[in-house]
Amino acid sequence: MGDPFYISTAISYPNGRPHIGHAYEAIAADAIARFQRQAGRDVYFQTGTDEHGLKMVQTARAQGRPVAEYAAEMSSHFRTMCDALSISYDRFIQTTAPDHHAASGALWERMAAAGDLYLDRYEGWYSVRDEAFYDEKELVGQGDDRRSPQGTPVEWTAEETWFFRLSKYQQPLLDLYAANPDFIRPESRRNEVMRFVEGGLSDLSVSRTSFDWGVPVPGSPGHVMYVWVDALTNYLTGTGFPDPQAANARFWPADLHLIGKDIVRFHAVYWPAFLLSAGVPLPKTVFGHGFLLSRGEKMSKSLGNVVDPGDLAQAFGVDALRYFLLREVSFGQDGSYSAEAIVTRVNAELANAFGNLAQRTLSFIAKNLGGALPDRGRADEADGMLIEEVVVACAGMKQGFGDLMLSHGIEAWLRGVYACNQYIDVQAPWSLRKTDPDRMNAVLGTLVRAIRMLAIAILPVVPHGAGAILDQLGADTRDHAAVDDDGWYDRQVAAGFTLATPTPAFPRLELPAEAA
Ligand code: ME8
């Protein structure tokens, strides 16, 4: 087993159905998790639902449902979405789980032991939608029109609560950001957070007494933890915290918390402060990805443009949706999607450029050579050059995914695909069949080797189609090192491997009638 690699998504509020933003985050995290497994890392990948807090209480009440029952039912839709999108999570965590309550209690007790918790009266503004406290100076608008900086409604709250001495951590946090430039990524989010912390930190209210749907505060009847305290602790729960002997303990500190840009403050300010207080090592990177917009508009229920990710996957296919989202959006920036954009991108790149390359090559061999992989034939300089371009393309893919530059990685990969298409056009193996079968063999063999390498490289993005191509080729080894295995083809020929007639791995898409 390689070195541990722990990646998490945010845990979603199950107060509504999952939307494309949730799907985007899960898909990006999944592609990174699959990539790291392929690179030989010992991966732990966690996602799940954030079930406590006032928002859940209010939504359940509005539906006339007991909150625990409502949370459990709604959480199942998120798990179903993950399964429908082939998200390879190791654990789907729910914050109602007993081990999560235990981990949250343990973290709380450590912060208390550090002298960082005190009881006082909280009076201030709270946004239920964001589950966040705001300073008066952060609000926009006047009177009843006051809103949070995110534009959500705020209400005045006054109750006895526990406070966390966040103010004490201003300098330690600034030191942390200075010493670890990769703690917050991308750069723009890092600058935002640094500006916020430089502006001064107030102590944070970390318990609630006006409702009881949450993790009880140890030794303080009537208090439940502020939902963000327990929510953030989910990352530790998965590693068996506080038991240092737990089977998953080796995964802490986490390598990557992947979250959206709206919750960077919680992850890059509150979370490391809690951990510093509790004496727990800090995660290595918090990456705040951008928002996905429907045709450039923010999604909202009132705009009627909240699209069910399950419907999208059904309409276009899981691979197509995954490919589109990771390719189209420059990772870290906002992105836009529409049915037309999905169809155009997927048809041009996945179906025509890569899928067709594999389909043409493999079906030609199946039809004309009885499926037998040809011997190496008469090599030409162009063959070696193509393999070289494909090796570079796969290395670019690897580098992009290692650096969290996902769309750049896919672009590098595409250059390899385009090189193959150009090579086919120039070499025209179909016409060599009669005129120069020896050359035809060399061209087909070169293409098979290239297709195998490209399929391995793109597996984390499109596991089904790329996996099907590798199955067709009888290529069992799918880790990254296998990309450079130059002996594979000859071994396959020597073993007498025979290709079956292939079915297209990446079918062309049609624009659904209602979107046209
Ligand atoms: O924030 N595009 O839950 P959540 C891309 N429970 N990503 C989006 C998005 C969009 N349009 N809308 C939301 C919460 N997201 C908390 C997290 S973690 C300890 C607790 C992202 O259901 C959002 O940024 O509101 C977040 O990372 C995730 O979806 C869940 O959002």
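With an unreviewed UniProt entry as reference, the chain is termed Methionine--tRNA ligase, source organism Sphingomonas rubra. On record in UniProt, under Subcellular location (unreviewed entry), the comment for the chain is "Cytoplasm".

Q: Outline the overall build of the chain, listing residues and values.
A: Within the chain, the secondary structure is distributed over 17 helices and 14 strands. Over its C-alpha trace the chain gives a radius of gyration of 26 Å, about what one expects of a compact globule, namely 24 Å for 516 residues. A principal-axis box enclosing the C-alpha atoms of the chain has dimensions of 90 × 50 × 40 Å. Scored against the burial criterion, the 516 residues of the chain give a buried share of 46%.

Q: Lay out the domain arrangement of the chain with the relevant residues and their values.
A: Under the domain assignment, the chain is made up of domain 1 (4-290) and domain 2 (346-513). Counting residues at the interface gives 11 residues for domain 1, matched by 10 residues for domain 2. When residues of the side of domain 1 that touches domain 2 are assigned to their parent elements, the largest contribution, six residues, is made by helix α1 (residues 20-38). Of the residues contributing to the side of domain 1 that touches domain 2, the split by class is six nonpolar, three polar and two charged.

Q: Account for the UniProt feature "short sequence motif: 'HIGH' region" (unreviewed entry) in the chain, with residues named and values stated.
A: Following the UniProt record, the feature "short sequence motif: 'HIGH' region" (unreviewed entry) maps to residues 12-22 here. For residues 12-22, the end-to-end C-alpha separation is 7 Å, with 27% helix and 9% strand making up the annotated structure.

Q: Before we move on, could you go through the confidence of the model for the chain and cite the residues and values that matter?
A: Confidence along the chain averages 95 in pLDDT terms, with 97% of residues attaining 70 or more. For this predicted complex, the interface score ipTM comes out at 0.99, while the overall pTM is 0.96.

Q: Pulling in residues and values, what's your account of unusual backbone geometry?
A: Residue Arg185 is joined to Pro186 through a cis peptide bond whose omega torsion reads -10°. Structurally, the position occupied by Pro186 is in the loop between β7 (184-185) and α6 (187-198). Looking along the chain, the bond that leaves Trp252 and enters Pro253 is cis, with omega of 5°. Backbone geometry at Ser86 places phi at a positive 60°, although glycine is not the residue there.

Q: Outline the sheet that holds strand β3 (residues 91-94), supporting the account with residue identities and numerical values.
A: One open sheet holds the six strands; their spatial order is β3-β2-β1-β11-β12-β7, and the pairing between them is parallel. The open sheet is flanked by β3 and β7, the only strands paired with a single partner. In terms of strand pairing, strand β1 (residues 4-12) meets strand β2 (residues 42-49) through seven bridges, oriented parallel. By the bridge assignment for β2, Pro4 is matched with Asp42. This element, helix α8 (residues 264-278), spans β7, β11 (256-260) and β12 (285-289) of the sheet and lies at about 160° to β12.

Q: Could you give an account of the nonpolar core, with specific residues and numbers?
A: For soluble globular proteins, the rule of thumb is that nonpolar side chains tend to be buried together. Grouped together as the largest cluster of nonpolar side chains are 141 residues, with contacts concentrated most on Ala28, Val346, Trp413 and Leu454. The leading source of residues in this core is helix α15 (residues 437-458), at 14 residues. Two domains share this core, each providing at least three of its residues, namely domain 1 (4-290) and domain 2 (346-513). Not counting residues up to four positions away in its chain, the partners in contact with Val346 are Phe316, Ala320, Tyr323, Phe324, Ala351 and Leu509. Counting residues in each nonpolar core, the second largest holds nine residues, with Met56, Val57, Val67 and Ala71 among its members.

Q: Pulling in residues and values, what's your account of helix α12 (residues 381-402)?
A: Over its 22 residues, α12 runs 32 Å from end to end, which matches the ideal 32 Å to within 8%, given 1.5 Å per residue. If you check which residues of α12 are buried, you get Asp383, Leu386, Val390, Ala393, Cys394, Gly396, Met397, Gly400 and Phe401. For α12, the arc enclosing every buried residue in end-on projection is 155°, short of the 170-degree limit, so these residues lie on one face. Along α12, the residues that are exposed and aim more than 90 degrees away from the buried face are Glu381, Gly384 and Glu388. Phi for Leu404, located one or two positions after α12, is positive at around 65°.

Q: Break down the site of the ligand for me, with residues and values.
A: Every one of the 19 residues lining the ligand counts as a neighbour, but Ala10, Ser12, Gly21, Asp50 and Gly260 are closest to it. The dominant element in the shell around the ligand, judged by the number of residues it contributes, is α1, at four residues. Taken together, the residues of the shell around the ligand break down into 11 nonpolar, five polar and three charged.

Q: Pulling in residues and values, what's your account of the sheet that holds strand β6 (residues 155-164)?
A: Here we have four strands laid out as an open sheet, ordered β5-β4-β6-β8, and antiparallel in their pairing. Looking along the sheet, the strands with just one partner apiece sit at the ends: β5 (132-134) and β8 (204-205). As paired elements, β6 and β8 share two bridges and run antiparallel to each other. Within β8, the position partnered with Phe163 by the bridge is Ser205.

Q: Could you give an account of the packing of α15 against helix α16 (residues 463-472), naming the residues involved and the relevant values?
A: α16 packs onto α15 with a crossing angle of 145° between their chain directions and a minimal axis gap of 9 Å. α15 and α16 meet at a crossing whose hand is left-handed. For the pair α15 and α16, contact is made by Ile451, Arg452, Ala455, Ile456 and Ile458 and by Ala466, Ile469 and Leu470, respectively. Considering only residue class, the contact of α15 with α16 consists of seven nonpolar, no polar and one charged.

Calculation rules
- For every chain, the first residue of the written sequence is number 1, and numbering continues from 1 onward in sequence order.
- Only residues with pLDDT of at least 70 are given local features in this predicted model, and only at 80 or more are side-chain atom pairs given and counted; all residues enter the totals for whole chains, interfaces and linings.
- UniProt positions are given in the numbering used here, feature names are shortened, and annotations may be inferred rather than shown by experiment.
- Think of it this way: any DSSP run of H or I at least four residues long counts as a helix, any run of E at least two long counts as a strand, and we number them from the N terminus.
- With the radius of gyration taken over C-alpha atoms, the globule rule is written as 2.2 Å times the number of residues to the power 0.38.
- Counting other C-beta atoms within 10 Å of each residue's C-beta, where C-beta atoms are placed from the backbone, gives the exposure class: buried for 20 or more, exposed for 12 or fewer, partly exposed between.
- Where a domain begins and ends is set by an automatic assignment or by a domain database.
- Contacts here follow a simple rule: the backbone-placed C-beta atoms of the two residues must lie within 7 Å.
- The residue classification treats Ala, Val, Leu, Ile, Met, Phe, Trp, Tyr, Cys and Pro as nonpolar and Asp, Glu, Lys and Arg as charged. All others, Gly included, are polar.
- Each residue carries a pLDDT value, the predictor's own confidence for that position, ranging from 0 to 100.
- Any two strands with at least two DSSP bridges between them are considered paired.
- Lines fitted to C-alpha atoms define the axes here, with helix axes fitted over just the stretch in contact, and angles between the N-to-C directions of these axes take values from 0 to 180 degrees.
- Only buried residues count toward a nonpolar core: Ala, Val, Leu, Ile, Met, Phe, Trp, Tyr and Cys, linked into one set through C-beta atoms within 7 Å.
- Here, expected helix span is obtained from the residue count minus one, scaled by 1.5 Å.
- Directions from the helix axis toward the C-beta atoms define the arc.
- Being near a molecule or strand means, for a residue, that its backbone-placed C-beta atom lies within 6 Å of it.
- Helix crossings are classified by the rotation of the near helix relative to the far one: an anticlockwise turn of less than a right angle makes the crossing left-handed, while a clockwise turn makes it right-handed.

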